[in-house]
Amino acid sequence: MEVLTAITQLAEELGARLSLDALLQLIAERTTHIVGARRVTVRLLNPAHTHLLAVARAGQPLHDRPQEFKVGEGLVGHVAATGHVLRTSEPEQHPSYAPRPGMTEPMGSFLGVPLRAGSGVLGVISVVDPSVRFTEEHERRLVLVAALSAPYVEMARLARLSHVDPLTGALNRRGLDESFPEVVSEAPGTIVPLSVVMADVDHFKRVNDTHGHAVGDLVLQRVTQLLSEVVRAGDA
């Protein structure tokens, strides 16, 4: 009954109008209870569908920092490439296993399920636990979570695409116009002042003229990455 209640609660919460980040975090947290696993990670494919990015985690993380996998690389990459469920109690023996530095302890059992939108794959929900041997029942629960969640993830993803720059993932003008009034309205309830920072990339035209626009794109992506690493998750 507890599992049924948790699934029902998730189904109701998915209907709320949540941002993509909040939605994915909700799915990760609810999955720990529904499946009964120590660690849950939700990964989405990048716009080019070449890499899986860890966008939400629940429980004690397996790695000291979020890990990125190419499609086909590692167990989650295998799930994304094949579009099939993968369940194993000996993940190190799987041909696609790709160990990464910074693991806090052995992986233990692994279960990964694709998030699907139509015939395509959006991402992967994976659970790992060193103390549990995942069974068909665990698999059925995670498949159900993925099936319930995927349509809402796709809608939130499409909504976000209209608010972010496709090259860098940073908010575009429309995203700023819609999010800034909300931030301002919440500011009086916080103990720290609201700050706005504007930055410019020096000599960026020279980079484009000298090295080409492809290199300029890489510079913009790297600058955005560096900025995102020094602000809180809720900051634009």
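The preceding data block contains the structure.
Computed from a prediction, not measured in an experiment: that's the story for all the values here. (Residues numbered from 1 in each chain as written. Predicted model: local features only at pLDDT ≥ 70, side-chain atom pairs only at ≥ 80, totals over all residues. Heavy atoms only, no water.)

Draft legend 1. Quick look at the packing of aromatic side chains. Applying the stated criterion across every chain, the model contains zero aromatic pairs. Over the ring of Phe 69 we find Arg 100, and its NZ or CZ is 4.1 Å from the ring centre. (Phe/Tyr/Trp six-rings, centres within 6.5 Å; stacked < 30°, edge-to-face > 60°. Lys NZ or Arg CZ within 6 Å of the ring centre and 35° of its normal.)

Draft legend 2. Up close: the sheet that holds strand β5 (residues 109-117). Pairing is antiparallel across the open sheet formed by six strands, whose spatial order is β3-β2-β1-β6-β5-β4. The sheet is open, and its two edges are formed by β3 (69-70) and β4 (86-88), each paired on a single side. The pairing of strand β2 (residues 51-58) with β3 spans two bridges and is classified as antiparallel. Along β3, the bridge assignment pairs His 51 with Lys 70. Where helix α2 (residues 20-36) meets the sheet, its contacts fall on β1 (39-45), β2 and β6 (120-129), and the angle it forms with β2 comes to roughly 65°. (Pairing = 2+ DSSP bridges. Helix = DSSP H or I, 4+ residues; strand = E, 2+ residues; numbered from the N terminus. Contact = heavy atoms within 4.5 Å. Axes fitted to C-alpha atoms, helices over the stretch in contact; angles between N-to-C directions.)

Draft legend 3. Layout of the packing of helix α1 (residues 2-14) against helix α4 (residues 136-161). Between α1 and α4, the least distance of the axes is 10 Å, while the angle of their chain directions is 10°. One element, α1, and the other, α4, form an angle in the roughly parallel class. Touching Val 3, Ile 7, Leu 10 and Leu 14 of α1 are Arg 141, Leu 144, Val 145, Leu 148, Ser 149 and Tyr 152, all from α4. (Parallel < 35°, antiparallel > 145°, perpendicular 65-115°, else oblique.)

Draft legend 4. Expanded view of the environment of Leu 4. Mapping Leu 4 onto the fold places it in helix α1. With a relative accessible area of 49%, Leu 4 lands in the partly exposed category. (Buried < 20%, exposed > 50% of the residue type's maximum accessible area, 1.4 Å probe, protein only.)

Draft legend 5. Highlighting empty space enclosed by the protein. A full pass over the atoms with the stated rule returns one cavity of 30 Å³ or more. Taken as a whole, the largest cavity spans an internal volume of roughly 300 Å³. Residue lining of the largest cavity: 26 residues in total, with Arg 43, Leu 62, His 63, Phe 69 and Met 107 positioned closest to the centre. No other element matches the four residues that β1 contributes to the lining of the largest cavity. Split by residue class, the lining of the largest cavity holds 16 nonpolar, five polar and five charged. (1 Å grid on protein atoms, 1.4 Å probe; cavity = no way out; pocket = protein on both sides within 12 Å on 5 of 7 lines; lining within 4 Å. Points joined across faces, edges and corners; volume = space filled by probe spheres on them. Nonpolar A, V, L, I, M, F, W, Y, C, P; charged D, E, K, R; others polar.)

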